[in-house]
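# A structural walkthrough
One letter stands for each residue in the lines below.
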Amino acid sequence: MAGGVSILCCEENTIPEWTVTIENWKKADFMNIELIKGDITKIQVDAIVNAANSSLLGGGGVDGAIHRAGGKQILEECIEIRNRQGKCNTGEAVVTTAGNLPAQYVIHTFGPVWNGDEEKCFSLLENCYKNSLKLAESLGVKTIAFPNISTGVYRFPKEAAGKIAVETVKNFKSDIIEKVVFICFDDENEAVYRELLENNNKM
Ligand code: AR6
């Protein structure tokens, strides 16, 4: 396999609109970054990431969708983690199995609540992506899907959040992870990611 990155843009369960390869982007032989518009609970990857909260006990948004679709096993494992190590700190990540979901693991990360403190919030969001990728690697995960962490209830500006997500993934050198999927649920995030990834291809 030639070195480089394929970026695919597509709707959930459709054929990608375009594919571009960037030579020598990563240390690994190849790595795919995909942009998919859809529901993260439906996607077939080794691990999906949950935009959780410090309690790890579920909530609304993507967290609620994952717990609803995954069933009570995920919550039970989250409670065990809580009992063992306490609440999740901002930027940290923990893992459970994925219950009834097609994925094997759910990696739960607690994103920053946007408060206008750019330096702190940017760095904490970067930690969410980095720590999730590190944890995935330690589990031997080859394919992982991220939602747009903190851009819902936590009101992180979408463009800044997208830039942090794409840059952090791009800079994460891995010989294990082969594919990272960004799942965008709303039109605004999809447009942000599409532009970021298309611009990447031109660089
Ligand atoms: N699949 C993919 N993305 C989704 C889905 C889905 N099924 N549903 C929503 N999104 P949010 P946050 C997108 O609010 O901002 C929860 O209550 C959504 O469009 O879920 O990190 C937790 O328990 C948005 O772009 O997470 C926390 O208390 C993105 O997911 C709090 O919300 C993130 O929105 C976390 O807030």
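Just so it is clear, the structure is predicted and the values come from calculations on it, not from any experiment.

In the vicinity of the ligand there are 25 residues, among which Ala51, Gly59, Gly61, Gly152 and Phe185 approach most closely. The set of elements that each furnish at least two residues to the shell around the ligand consists of strand E4 (47-52) and helix H1 (61-70). A total of 4 residues in the shell around the ligand trace back to one element, the largest contributor, which is H1. Among the residues forming the shell around the ligand, the class breakdown is 11 nonpolar, 11 polar and 3 charged.

It is worth spelling out helix H3 (residues 118-138) at this point. Its 21 residues place the ends of H3 30 Å apart at the C-alpha level, agreeing with the 30 Å of an ideal helix rising 1.5 Å per residue. Buried positions along H3 lie against E4, strand E5 (93-97), strand E6 (105-110), strand E7 (143-146) and helix H4 (158-171). Taken from the residues just after H3, Gly140 is the one with a positive phi, measuring 75 degrees.

For the rest of this paragraph, the subject is the nonpolar core. Within the largest apolar cluster, 54 residues are counted, with the highest numbers of intra-cluster contacts made by Ala47, Ile48, Ile107, Ile144, Ala145 and Phe146. In terms of residues, this core owes the most to one element, H3, which gives 8 residues. The residues touching Ile48, leaving out its near neighbours within four places in the chain, are Ile40, Ile43, Leu101, Ala103, Val106 and Ala145.

What follows is about the environment of Ala51. In this fold, Ala51 is placed in strand E4. Residues Ala51 and Ile149 lie 98 residues apart in sequence; the distance between their C-alpha atoms is 5.3 Å. Setting aside chain neighbours within four positions, we find Ala51 in contact with Gly61, Val62, Asp63, Gly111, Pro147, Ile149 and Ser150.

What follows covers helix H2 (residues 72-85). The terminal C-alpha atoms of H2, which comprises 14 residues, lie 20 Å apart, in line with the 20 Å expected from a rise of 1.5 Å per residue. Those residues of H2 that sit buried are Ile74, Glu77 and Cys78. One side of H2 carries all its buried residues, which in axial view fall inside an arc of 105 degrees. In H2, those exposed residues whose orientation departs by more than 90 degrees from the buried face are Lys72, Glu76, Glu80 and Asn83. For H2, the secondary structure elements touched by its buried residues are H1, E5 and E6.

As a further point, take the confidence of the model for the protein. For the protein, mean pLDDT is 87; residues scoring 70 or higher make up 83% of the total. Every residue in residues 1-6 is under pLDDT 50, and counting partners more than four places away or in other chains gives 22 contacts. For residues 13-29, every residue scores under 50 in pLDDT, and the model assigns this stretch 33 contacts once sequence neighbours within four places are set aside. With pTM at 0.90, the complex prediction returns an ipTM value of 0.99.

The element E5 is largely enclosed, with a buried count of 4 among its 5 residues. Here E5 runs beside E6; their pairing, made up of 5 bridges, is antiparallel. Paired with Ala93 across the bridge in E6 is Thr109.

Glancing now at unusual backbone geometry. Positioned with a positive phi, Leu56 is a non-glycine residue whose angle comes to about 65 degrees. Within the secondary structure, Leu56 sits in the loop between E4 and H1. Phi angles above zero are rare outside glycine, and Ser150 is one such case at about 70 degrees. By the secondary structure assignment, Ser150 is in the loop between E7 and H4. Judged by local crowding, Ser150 falls into the buried class, with 27 C-beta atoms found within 10 Å.

Let us now look at the environment of Glu118. Within the secondary structure, Glu118 is located in helix H3. Sequence separation between Glu118 and Phe156 is 38 residues; the distance between their C-alpha atoms is 9.8 Å.

This paragraph deals with the pairing of strand E8 (residues 179-184). Of all 6 residues in E8, 5 are buried; the element is thus mostly enclosed. Taken together, the 4 bridges between E7 and E8 define a ladder with parallel strand orientation. Of the residues in E8, the one forming a bridge with Ala145 is Val181. Handedness of the crossover joining E7 and E8 through H4: right-handed.

Conventions adopted
- Residues numbered from 1 in each chain as written.
- Predicted model: local features only at pLDDT ≥ 70, side-chain atom pairs only at ≥ 80, totals over all residues.
- Near = placed C-beta within 6 Å.
- Helix = DSSP H or I, 4+ residues; strand = E, 2+ residues; numbered from the N terminus.
- Nonpolar A, V, L, I, M, F, W, Y, C, P; charged D, E, K, R; others polar.
- Expected span 1.5 Å × (residues − 1).
- Contact = placed C-beta atoms within 7 Å.
- Core = buried A, V, L, I, M, F, W, Y, C linked by C-beta atoms within 7 Å.
- Buried ≥ 20, exposed ≤ 12 C-beta atoms within 10 Å, placed from the backbone.
- Arc of directions from axis to C-beta.
- pLDDT = per-residue confidence, 0-100.
- Pairing = 2+ DSSP bridges.
- Right-handed = clockwise from strand over helix to strand, strands pointing away.

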